[in-house]
Amino acid sequence: MMEPTFERAFWALAAADLALWQLDFPTERAMLDERWAQWVGLPAQKGEGITLTFAAWRARVHPIDWPRVRKSLIALVKGTSDYYCERYRIRTERGGWCWLEDRGRITQRDEQTGRARIGIGVCRNVTDEMEQAAWKELLSEAVIRSPVATVICDAEDRIIWVNPAAEQLFARQAADMFGQFIHRFLETGAATTGEKRGALVAVHTQDGTTRWVERIVTPFTSSLSHERFSVYVLHDITERIALEQQLRQLALTDVLTGLPNRRAFMERAEALFARIVRSAFHERAAVALIDLDHFKRINDTFGHSAGDAVLRDFADLLRANFRTMDEVGRLGGEEFGVVMPLVVLHDRPTNAFERLLREVRLRRVTFSGHHIQYTCSIGVTEVGPSDRAFDDVLARADRALYQAKAEGRNRLIWLAADE
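Below, the structure is looked at part by part. No experiment lies behind these values; they were computed from the predicted model shown. (Residues numbered from 1 in each chain as written. Predicted model: local features only at pLDDT ≥ 70, side-chain atom pairs only at ≥ 80, totals over all residues. Heavy atoms only, no water.)

1. A few points about unusual backbone geometry
Then, in step 1: Residue Asp 157 is not a glycine yet carries a positive backbone phi of 65°.
Then, in step 2: With respect to the element layout, Asp 157 can be found in the loop between strand 7 (149-153) and strand 8 (159-162).
Then, in step 3: Its identity is not glycine, yet His 226 carries a phi of approximately 65°, on the positive side.
Then, in step 4: Within the fold, His 226 resides in the loop between strand 10 (210-221) and strand 11 (228-236).
Then, in step 5: Among the residues examined, His 226 registers a relative accessible area of 61% and is labelled exposed. (Helix = DSSP H or I, 4+ residues; strand = E, 2+ residues; numbered from the N terminus. Buried < 20%, exposed > 50% of the residue type's maximum accessible area, 1.4 Å probe, protein only.)

Have a look at this one:
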């Protein structure tokens with residue numbers, strides 16, 4: 001039976017959603033009220049609680065929590081602490097866990113020995129509170145430990161929080177960024193409406209480097225303060241972009257000579273042709289197709305490795321003779337192409353190619369003790385108003401090249417746009 005004071009306290013605390021407990025140390029029994037029994041799932045008569053032995057109660061306490069609870073109870077019993085307060089998990093009848101918060105003190109001690117006789121206290125079910133706190137902690141740790149940079153800004157897009165990944169991305173300490181507009185660190189302005197897909201932006205770091213990130217902005221309003229905030233998720237894709245650029249460069253580069261391949265040459269040449277058309281042909285450009293003469297004979301006589309050496313030598317000669325603004329490429333086999341903007345009003349389109357022809361005649365490629373001489377044939381034309389597409393220009397240059405080879409090779413043939 002409950003002591004009268006315990007029973008009165010029970011009814012007084014019932015409205016506060018608190019359970020009452022009493023510990024009888026001489027008999028090692030705990031008297032727990034009906035609400036406590038309901039929380040744990042133990043049967044109890046209406047208006048009455050249950051009694052558990054200390055051992056039975058102890059068996060239900062979570063093993064992780066027990067050392068802490070035991071230490072606090074020992075301090076209470078020995079009198080080194082006047083008050084007991086602990087949160088712990090207790091196993092329910094269904095096999096789950098219920099979080100309880102105990103608060104209590106010793107109310108009776110043996111007058112002769114000073115040993116604890118009676119302890120009394122209240123218990124509160126804090127399961128929902130602890131589970132919410134656990135989820136908040138889990139989500140918080142997930143964001144903090146995430147390898148993806150996360151920044152929280154206020155309604156004016158001032159930075160109020162960053163995770164360690166963001167500190168690493170910006171190469172700045174969090175304290176140096178707090179209160180700063182996020183625009184300061186991004187190449188583009190901050191978005192305020194949210195982005196379903198990531199926008200590609202540049203991040204300017206403190207050490208002067210630029211990182212490319214995929215930015216997603218999610219605005220939200222606090223349900224407590226009703227303030228507006230924005231969460232910036234910045235996924236660093238610098239390495240991915242660099243790899244993509246490398247792969248594109250490889251896809252557009254001739255492996256043997258290092259010159260642009262046919263695809264790259266055509267893309268750039270067609271872009272230049274479109275620019276000339278937009279200028280109403282006020283801009284000019286010469287186009288040439290070049291073929292190494294009797295190249296098969298070089299391969300058959302000295303081997304394919306020698307032929308590769310000749311191709312690399314000719315590629316070096318092209319790089320040396322033409323400007324960075326000129327488009328040079330290997331179109332396949334021993335055929336090369338050049339598109340050369342003519343920036344001088346009365347510049348003859350053939351001057352640079354005649355000079356190239358003379359230099360090729362003087363070239364010697366040394367390979368495996370052999371001195372290999374080679375020549376080339378060149379067909380040159382100029383973009384004209386009658387050309388509807390770059391293919392028209394290329395076809396005319398091809399006809400000029402065919403004529404150069406038909407007339408004995410090692411020469412240059414010019415065909416004007418109206419020929």
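2. A word on the environment of Arg 94
Then, in step 1: Within the secondary structure, Arg 94 is located in the loop between strand 4 (84-91) and strand 5 (97-109).
Then, in step 2: On the accessibility criterion, Arg 94 (84% relative accessible area) is exposed.
Then, in step 3: Considered as a pair, Arg 94 and Trp 66 are 28 residues apart in the sequence and their alpha carbons are 20 Å apart.

3. With respect to the nonpolar core
Then, in step 1: Counting 33 residues, the largest nonpolar core has Phe 314, Leu 318, Phe 353 and Ile 378 as its most contacted members.
Then, in step 2: By residue number, the principal contributor to this core is helix 11 (residues 304-321), which donates eight residues.
Then, in step 3: Those residues in contact with Phe 314, other than ones at most four positions away along the chain, are Ile 290, Leu 292, Phe 336, Leu 356, Val 360, Tyr 374 and Cys 376. (Core = buried A, V, L, I, M, F, W, Y, C linked by side-chain atoms within 4.5 Å. Contact = heavy atoms within 4.5 Å.)

4. Quick notes on the pattern of salt bridges
Pairing between side chains of opposite charge can happen when the charged atoms of each approach one another.
Then, in step 1: Summed over the entire model, instances satisfying the criterion amount to 28 salt bridges.
Then, in step 2: A salt bridge links Asp 254 to Arg 330, with the nearest nitrogen and oxygen atoms 3.2 Å apart. Taken together, the residues span a long stretch of sequence, with Asp 254 in the loop between helix 8 (238-251) and helix 9 (262-278) and Arg 330 in strand 13 (residues 327-332) at a distance of 76 residues. We note that Asp 254, like Arg 330, is buried.
Then, in step 3: Linking Glu 354 and Arg 348 is a salt bridge whose minimum nitrogen-to-oxygen distance equals 3.6 Å.
Then, in step 4: By relative accessible area, Arg 348 is classed as partly exposed at 43%.
Then, in step 5: Residues joined by salt bridges that share partners form a network here, namely Arg 87, Glu 101, Arg 103, Arg 124 and Glu 129. (Salt bridge = Lys/Arg side-chain N within 4 Å of Asp/Glu carboxyl O.)

5. Focus on the packing of aromatic side chains
Then, in step 1: Under the definition given, this model contains nine aromatic pairs.
Then, in step 2: Between Phe 25 and Phe 54 the ring centres are 5.7 Å apart and the planes differ by 75°, which places this aromatic pair in the edge-to-face class. Taken together, the positions of Phe 25 in the loop between strand 1 (19-24) and strand 2 (29-32) and Phe 54 in helix 3 (residues 54-60) put the pair 29 residues apart, joining distant regions of the chain. Side by side, Phe 25 and Phe 54 carry an identical accessibility label, which is buried.
Then, in step 3: Relative to Phe 353, the ring of Phe 322 lies with its centre 5.4 Å away and its plane at 45°, an arrangement referred to as tilted. Within this pair, whereas Phe 322 is found in the loop between helix 11 and strand 13, its partner Phe 353 is found in helix 12 (residues 351-361), the two being separated by 31 residues in sequence. (Phe/Tyr/Trp six-rings, centres within 6.5 Å; stacked < 30°, edge-to-face > 60°.)

6. Focus: the sheet that holds strand 5
Backbone-to-backbone hydrogen bonds join strands into a sheet, with any given pair of strands oriented parallel or antiparallel.
Then, in step 1: Ordered by their spatial adjacency, six strands build an open sheet running 3-2-1-6-5-4, and the pairing between neighbours is antiparallel. Sheet topology places strand 3 (50-53) and strand 4 at the edges, where each strand pairs with a single neighbour. Within the sheet, the average angular offset between the axes of one strand and its neighbour, ignoring direction, is 25°.
Then, in step 2: As judged from the eight bridges shared by strand 4 and strand 5, these two strands associate in the antiparallel manner. When the sheet's bridge partners are listed, Glu 86 is paired in strand 5 with Asp 102. (Pairing = 2+ DSSP bridges. Axes fitted to C-alpha atoms, helices over the stretch in contact; angles between N-to-C directions.)

7. Remarks on helix 10 (residues 295-302)
Then, in step 1: Taken residue by residue, helix 10 has Phe 295, Ile 298 and Asn 299 as its buried positions. Viewed end-on, helix 10 has its buried residues packed into an arc of 95°, placing them on one side of the element. Turned more than 90 degrees away from the buried face of helix 10, the exposed residues are Lys 296, Arg 297, Asp 300 and Thr 301.
Then, in step 2: Summarising the contacts, the buried residues of helix 10 are in contact with strand 12 (284-292), helix 11 and strand 16 (370-372).
Then, in step 3: In the segment just after helix 10, Gly 303 is the residue with positive phi, at about 105°. (Arc of directions from axis to C-beta.)

8. With respect to the pairing of strand 1
On any regular strand, side chains alternate: one points to one face of the sheet, the next to the other face.
Then, in step 1: Buried residues dominate strand 1, accounting for six of its six residues.
Then, in step 2: Here strand 1 shows two buried faces, one formed by Ala 19, Trp 21 and Leu 23 and the other by Leu 20, Gln 22 and Asp 24.
Then, in step 3: Looking at chain direction, strand 1 and strand 6 (residues 116-125) are connected through six bridges and run antiparallel. Each bridged residue has a counterpart across the sheet, and for Leu 23 the counterpart in strand 6 is Gly 119.
Then, in step 4: As paired strands, strand 1 and strand 2 are joined by four bridges and run antiparallel to one another. Each bridged residue has a counterpart across the sheet, and for Gln 22 the counterpart in strand 2 is Met 31.

9. Looking at the layout of surface pockets
Rolled over the atoms, a probe sized like a water molecule indicates the empty space that remains.
Then, in step 1: Its volume calculated, the largest pocket comes out at about 390 Å³.
Then, in step 2: Mapped by element, the contributors of at least two residues to the lining of the largest pocket are strand 1, strand 2, helix 3, helix 4 (66-78) and strand 4.
Then, in step 3: Considering every element that reaches the lining of the largest pocket, the biggest residue donor is helix 4, with five residues.
Then, in step 4: Broken down by class, the residue content of the lining of the largest pocket amounts to 14 nonpolar, no polar and three charged. (1 Å grid on protein atoms, 1.4 Å probe; cavity = no way out; pocket = protein on both sides within 12 Å on 5 of 7 lines; lining within 4 Å. Points joined across faces, edges and corners; volume = space filled by probe spheres on them. Nonpolar A, V, L, I, M, F, W, Y, C, P; charged D, E, K, R; others polar.)

10. Details of the sheet that holds strand 8
Then, in step 1: The strand order 8-7-11-10-9 describes an open sheet built from five strands, whose pairing is antiparallel. Only two strands of the sheet have a single neighbouring strand rather than two, namely strand 8 and strand 9 (199-204). Here the strands of the sheet are splayed against their neighbours by 35° on average, with no regard to which way each runs.
Then, in step 2: Inspection of the sheet shows strand 9 paired to strand 10 by six bridges, in the antiparallel sense. Considered in strand 10, the bridge of His 204 is made with Thr 210.

Purely geometric stuff here, so don't read any function into it on its own.
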